[in-house]
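# Coordinate inspection notes
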Amino acid sequence: MSAIADIPAALSPEKIGEALQLIRPHVRHTPVLRVDMADFGAASRPVDLKLEQLQHSGSFKARGAFTSLMTQGIPAAGVVAASGGNHGAAVAYAAMKRGVPATIFVPEITSPAKADRIRSYGARLEIGGQRYADALAASELFVKQSGALPIHAYDQPTTLLGQGTLGAEIEQDLPDIDTLLVAVGGGGLIGGLCAWYRGRVRIVAVEPEGAPTLNKALAAGHPVEAEAGSIAADSLAPRQVGDLMFPLARDHVTQSVLVSDDDILNAQKALWESVRVVTEPGGAAAFAALLSGRYVPRAGEKVAVLVCGANTTAVKFG
């Protein structure tokens, strides 16, 4: 499976289904919440929220982490990952449950909530530069020095396979949807979802205006470097999307939508105030596209929104 062109074919719905059966004892089947957009001050419309932020370790990334750890041999040095926070927490959690050592490299911008969660799972946490790309470079050096197995956040077949299991689960929950709105960072999640659905539903990619990695890649016809800013920079701001997911996104992403930081913060606040759903900024980005009107569904369109992460300290209890 060395050739990039082979990846989309190898990530078949059948293989994703097998991965789901493998990891099912270790991941949660997260719930769906049906809401009325009128509750958020918009025109009345039913929308289904897939609450994947309730997954172990606080995001969907536990799926890819368990798939990666359970389908590969683990050396004595354990596993290593570079992450803005959520992937690191997921790998640390999976490693803890599988009884293997984990070293996680994160950039300086990683939120304290994510860093604390990684440490809570017993992993060794290392600060590796200012941005995700710096942490990734530090993790690659560590691999050469230690022999640890790298678990990539998004540009690795086992990661894409694991994230695709969320598509299988969404289809179990919501077999009749027309459209699924998905936040995009490096592209592992949307790549896995595209591999599962294969065009059977509209996949709408949502990114911050300050980190339009997939948007620019689709325009260029291949992954390119993009700016890496935004309030959601610790989860949705790699320098470019993964090479492995790009053919899947190119073929199966219906629309690319950009949202502002204000849109994301408004969505994060609205989800808490109206339905008491807690998300981090990146986790609220897909809903931001709908709430802000950056994505306008057709009449009668059955829309689902993926709420994908909640590693935040935004809610403080007194």
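Quick look at the structure, then.

The next thing to look at is the packing of aromatic side chains. Counted under the stated rule, the structure contains five aromatic pairs. Consider the rings of Tyr93 and Tyr121, whose centres lie 5.2 Å apart with planes at 70°: the pair is edge-to-face. Pair noted here: Tyr93 is in helix α4 (residues 86-98) and Tyr121 is in the loop between α5 (112-120) and β5 (124-127), with a separation of 28 residues, a long-range link. Its relative accessible area of 9% is what places Tyr93 among the buried residues. Pairwise contacts between aromatic rings join Phe66, Tyr93 and Tyr121 into one cluster.

Now for the environment of Gly282. As for its placement among the helices and strands, Gly282 is situated in helix α13 (residues 281-291). Linking Gly282 and Pro297, residues 15 residues apart in sequence, is a C-alpha distance of 21 Å.

Our focus in this paragraph is the sheet that holds strand β6 (residues 149-150). Overall, parallel pairing links the four strands, which are arranged β5-β4-β3-β6 in an open sheet. Taken across any chain shown, the strands that pair with only one partner, and hence form the sheet edges, are β5 and β6. The pairing of strand β4 (residues 102-106) with β5 spans four bridges and is parallel. Looking across to β5, one finds that Ile104 is bridged to Leu125.

As a further point, take unusual backbone geometry. A positive phi is found at Arg198, a non-glycine position, where the angle reads about 50°. Structurally, Arg198 can be placed in the loop between α8 (188-197) and β8 (202-208). Under the relative-accessibility criterion, Arg198 is labelled partly exposed at 29%. Despite not being glycine, Arg276 has its phi angle at roughly 55°, a positive value. By the element assignment, Arg276 lies in the loop between α12 (261-275) and α13.

With that settled, the discussion passes to the packing of helix α3 (residues 62-70) against helix α7 (residues 157-173). At a minimum axis separation of 7 Å, α3 and α7 run at an interaxial angle of 130°. Taken together, α3 and α7 sit at an angle that is classed as oblique. The handedness of the crossing between α3 and α7 comes out as right-handed. Residue-level contacts link Arg63, Gly64, Thr67 and Ser68 of α3 to Thr158, Thr159, Leu161, Gly162, Gln163, Thr165, Leu166 and Glu169 of α7. Considered class by class, the residues forming the contact of α3 with α7 number two nonpolar, eight polar and two charged.

Between its first and last C-alpha atoms α4 spans 18 Å; for 13 residues at 1.5 Å apiece the expected length is 18 Å, and the two agree. Most of α4 is tucked away: 10 of the 13 residues are buried. Those residues of α4 that sit buried are Asn86, His87, Gly88, Ala89, Ala90, Val91, Ala92, Tyr93, Ala94 and Ala95.

The two faces of the sheet receive side chains in turn, since in a regular strand these alternate between them. Among the five residues that make up strand β7 (residues 179-183), five are buried, leaving the element largely enclosed by the rest of the structure. Of the two faces of β7, the one lined by Thr179, Leu181 and Ala183 and the one lined by Leu180 and Val182 are each fully buried. Note that β7 and β8 share five bridges and pair parallel. Paired with Val182 across the two strands is Ala205, which belongs to β8.

Counting across every chain of the model gives 16 salt bridges. The residue Asp173 makes a salt bridge to Lys50 at a minimum N-O spacing of 2.7 Å. Taken together, the positions of Asp173 in helix α7 and Lys50 in strand β2 (residues 46-51) put the pair 123 residues apart, joining distant regions of the chain. The buried category is assigned to Lys50, whose relative accessible area is 1%. A salt bridge links Arg124 to Glu126, with the nearest nitrogen and oxygen atoms 2.6 Å apart.

This part takes up helix α9 (residues 213-220). Because an α-helix packs 3.6 residues into every turn, residues spaced three or four apart end up facing the same way. Among the residues of α9, Thr213, Leu214 and Ala217 are the ones counted as buried. Buried positions in α9, seen along its axis, are confined to an arc of 90° and lie on one side of it. Among the structural elements, β8, α11 (246-252) and β9 (253-259) are those in contact with the buried residues of α9. Where α9 ends, the next residue or the one after it, Gly221, has phi of about 90°, a positive value.

The rules behind these values
- Residues numbered from 1 in each chain as written.
- Predicted model: local features only at pLDDT ≥ 70, side-chain atom pairs only at ≥ 80, totals over all residues.
- Heavy atoms only, no water.
- Phe/Tyr/Trp six-rings, centres within 6.5 Å; stacked < 30°, edge-to-face > 60°.
- Helix = DSSP H or I, 4+ residues; strand = E, 2+ residues; numbered from the N terminus.
- Buried < 20%, exposed > 50% of the residue type's maximum accessible area, 1.4 Å probe, protein only.
- Pairing = 2+ DSSP bridges.
- Axes fitted to C-alpha atoms, helices over the stretch in contact; angles between N-to-C directions.
- Parallel < 35°, antiparallel > 145°, perpendicular 65-115°, else oblique.
- Left-handed = near helix turned anticlockwise from the far one by under 90°.
- Contact = heavy atoms within 4.5 Å.
- Nonpolar A, V, L, I, M, F, W, Y, C, P; charged D, E, K, R; others polar.
- Expected span 1.5 Å × (residues − 1).
- Salt bridge = Lys/Arg side-chain N within 4 Å of Asp/Glu carboxyl O.
- Arc of directions from axis to C-beta.

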